[in-house]
Structure formats: structure tokens, C-alpha cells
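Observations on chain architecture
Chain by chain, the residues run as shown.
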Amino acid sequence: FPPPTDAAQARLMADSRFGLGPNDGGYILFVGTIEPRKNLTTLLDAYSVLKWRGTIKPMPALVVIGQKGWLSDQIYTRMEELGLQEQVYFLHGVDDRNLPLFYAGARLFALPSIYEGFGIPALEALASGTPVVSSNGGSLPEVVGDAGLLLDPRNTDAWADAIERVLLDPELESRLRARGPQQASRFSWERAAQETIRLYRKVARLTPSNQG
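What you are looking at is a predicted structure, and each value in this text was computed from that prediction instead of being measured.

What follows deals with the overall build of the protein chain. Helix and strand counts for the protein chain come out as nine helices and six strands. In the protein chain, which comprises 212 residues, the share counted as buried stands at 50%. Looking at the protein chain alone, contacts between residues at least 24 apart form 72% of all its contacts between residues at least 6 apart. A total of about 10400 Å² of accessible surface is found on the protein chain, and carbon and sulfur atoms cover 50% of it.

All right, on to the sheet that holds strand 3 (residues 88–91) then. One open sheet accounts for six strands, arranged 3-2-1-4-5-6; its pairing is parallel. For this open sheet the edge positions go to strand 3 and strand 6 (149–151), each flanked by a neighbour on one side alone. Neighbour to neighbour, the strand axes of the sheet diverge by 20° on average, direction disregarded. When strand 1 (residues 27–31) meets strand 2 (residues 61–65), the two strands line up parallel, connected through five bridges. Each bridged residue has a counterpart across the sheet, and for Phe30 the counterpart in strand 2 is Val64. Relative to the sheet, helix 5 (residues 120–127) contacts strand 1, strand 4 (108–111) and strand 5 (132–135), its axis offset from that of strand 4 by approximately 165°.

Moving on, we get to the pairing of strand 5. The sheet contact formed by strand 4 and strand 5 spans three bridges and is parallel. The partner of Ala110 across the bridge, within strand 5, is Val133. For the crossover that starts at strand 4, traverses helix 5 and ends in the parallel strand 5, the hand is right-handed. Note that strand 5 and strand 6 share three bridges and pair parallel. Bridging from a neighbouring strand, Ser134 pairs with Leu150 of strand 6.

Core analysis: the biggest nonpolar cluster contains 61 residues, and Leu29, Ile65, Phe102 and Phe109 have the highest contact counts within it. Once residues within four sequence positions are removed from consideration, Leu29 is found in contact with Val63, Ile65, Phe102, Tyr103, Ala106, Leu108, Phe109 and Ala110.

Here a ring pair, both rings aromatic, is described through the centre-centre distance and the interplanar angle of the planes. Per the stated rule, a full pass over the model turns up four aromatic pairs. Measuring from ring centre to ring centre gives 4.5 Å for Tyr76 and Phe90, while their planes differ by 45°; the resulting arrangement is tilted. Of the two residues, Tyr76 is situated in helix 3 (residues 73–81) and Phe90 in strand 3; the sequence distance between them amounts to 14 residues. By relative accessible area, which is 14% here, Tyr76 ends up buried. Residues Tyr103 and Phe109 carry aromatic rings whose centres are separated by 5.8 Å and whose planes lie at 50° to one another, so their mutual orientation is tilted.

It is the contact of helix 7 (residues 156–168) with helix 8 (residues 170–184), at a shortest axis distance of 5 Å, that shows an interaxial angle of 95°. As far as their axial angle goes, helix 8 and helix 7 are roughly perpendicular. Within the contact between the two elements, helix 7 uses Arg165, Val166 and Leu168 and helix 8 uses Pro170, Leu172, Glu173 and Leu176.

This part takes up the pattern of salt bridges. Under the counting rule described, the total for this entry stands at seven salt bridges. For the salt bridge of Arg53 with Glu164, the shortest nitrogen-to-oxygen distance reads 3.0 Å. Residue Arg53 is found in helix 2 (residues 40–53), and its partner Glu164 is found in helix 7; the two are separated by 111 residues along the sequence. On the basis of relative accessibility, which here comes to 33%, the residue Arg53 falls in the partly exposed class. What makes Glu164 buried here is its relative accessible area of 17%. The partner of Arg78 in a salt bridge is Glu81, with the nearest N and O atoms 3.0 Å apart. Placement of the pair is Arg78 and Glu81 together in helix 3, with a separation of three residues, close to one helical turn.

Across the eight residues of helix 5, six count as buried, placing the element largely inside the fold. Burial in helix 5 covers these residues: Pro121, Ala122, Leu123, Glu124, Ala125 and Leu126. Phi turns positive, to about 75°, at Gly129, one or two residues after helix 5.

Conventions adopted
Residues numbered from 1 in each chain as written. Predicted model: local features only at pLDDT ≥ 70, side-chain atom pairs only at ≥ 80, totals over all residues. Heavy atoms only, no water. Helix = DSSP H or I, 4+ residues; strand = E, 2+ residues; numbered from the N terminus. Buried < 20%, exposed > 50% of the residue type's maximum accessible area, 1.4 Å probe, protein only. Contact = heavy atoms within 4.5 Å. Areas by Shrake-Rupley, 256 points an atom, 1.4 Å probe, with all protein chains shown as cover. Pairing = 2+ DSSP bridges. Axes fitted to C-alpha atoms, helices over the stretch in contact; angles between N-to-C directions. Right-handed = clockwise from strand over helix to strand, strands pointing away. Core = buried A, V, L, I, M, F, W, Y, C linked by side-chain atoms within 4.5 Å. Phe/Tyr/Trp six-rings, centres within 6.5 Å; stacked < 30°, edge-to-face > 60°. Parallel < 35°, antiparallel > 145°, perpendicular 65-115°, else oblique. Salt bridge = Lys/Arg side-chain N within 4 Å of Asp/Glu carboxyl O.

Here is the structure:
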């Protein structure tokens with residue numbers, strides 16, 4: 001993954017295929033299936049809190065990359081309830097070849113999942129040197145380590161505070177950008193696949209049998 005650059009961010013914001021439009025504040029990035037398990041409602045609520053606080057100027061856009069999943073309609077409904085249609089961009093079907101550019105251009109990567117089997121998007125963001133604010137659920141604490149901020153996925157105010165800290169504290173941002181690739185280097189893609197399989201097997205053992 002390429003390192004984050006202002007040029008990467010500018011190219012994405014100007015690319016008509018994505019319809020992001022000019023935004024001097026850049027963007028916060030989420031990558032994953034759009035479904036309740038990913039807990040996007042907490043991220044939307046935290047984003048709304050930041051918007052009304054007005055401490056981050058100009059306010060970054062929120063870019064959500066992923067396919068629609070189970071019960072995704074409630075997430076779009078929440079966006080509309082919060083009046084965020086002009087600030088939140090849902091991008092479906094982004095080619096994998098363009099993902100590194102999105103990671104490289106993001107000011108911050110946010111992953112508020114209730115549960116993650118391994119957390120490949122968080123690992124990709126770390127490898128890109130993009131600051132990560134992550135849920136402390138599932139395997140994410142192991143993946144992110146001390147290279148990102150780990151939070152209770154249900155605590156909206158904590159998410160707003162953490163995002164605000166990263167975006168307003170250059171020293172913290174710089175530290176996270178430096179630690180990300182170091183943390184990511186601990187995981188080979190082969191190990192990531194092995195850990196994912198291990199976790200799926202563990203879940204399978206804990207799930208009651210449907211037989212009988």
C-alpha cells in the first residue's frame with residue numbers, strides 16, 4: 001500500500017467516477033459490508049456530534065465503501081434522520097485496485113464493528129499509514145495494537161472525542177501514522193487468512209447445532 005499523500009486525496013476528490021466533489025477537509029474512511037454488525041450507526045451518530053460541535057473546520061466528508069448487506073436500509077434511514085446526506089458518501093462496487101488510493105488519501109480510518117473475525121480493512125489502513133480509530137471488539141485489539149485508538153463500539157461520545165483528537169492533534173496523528181506500518185508488518189496475509197479461519201472455527205464450535 002502506498003503512503004498517504006495530499007495528492008492521492010486530491011485525485012480522489014476530483015475523480016468524477018466517485019462523485020465526492022471538492023472538500024478542503026478531506027475525508028474519513030470506512031470499508032466493509034453495510035450491515036448492523038459493522039455498527040455504522042454509531043459512526044454516523046459520532047460524525048453528527050462532530051458536525052454540530054464545529055471544532056473541526058473544514059469538516060471532512062465521511063466515505064463509506066462497501067456492498068449493501070443484511071438490514072442495510074436502517075443505516076441509510078439513520079443518515080437521513082441526522083441530515084447527513086450532503087456529507088456522507090456511500091460508494092458501492094469500488095474496484096479493489098482503487099482501494100489503496102482511498103486508504104492513502106484518508107485523514108482517518110474508522111471501524112466501529114461490534115465484532116470482526118480478523119479486521120482486514122483495519123490492517124490495510126495501518127499498512128497505508130492512515131490513523132485508525134477502531135472498535136475494541138473481536139480480534140481488532142490484536143490487529144490494531146497500540147497503533148490506533150481502541151473504543152467501546154457503543155459509546156458515541158467516545159468515538160466523537162477520538163476522531164476529534166486525531167484530526168486536531170498533529171502530534172497524535174503523526175505518531176499513529178508512524179506506528180501503523182510497523183504494526184501491520186507483524187501480520188503476513190497468510191497469517192491473516194490463518195487467523196480468520198481459526199476464528200471461524202472457534203465460532204462454529206460455540207454455535208449450537210441445528211440438528212435434532
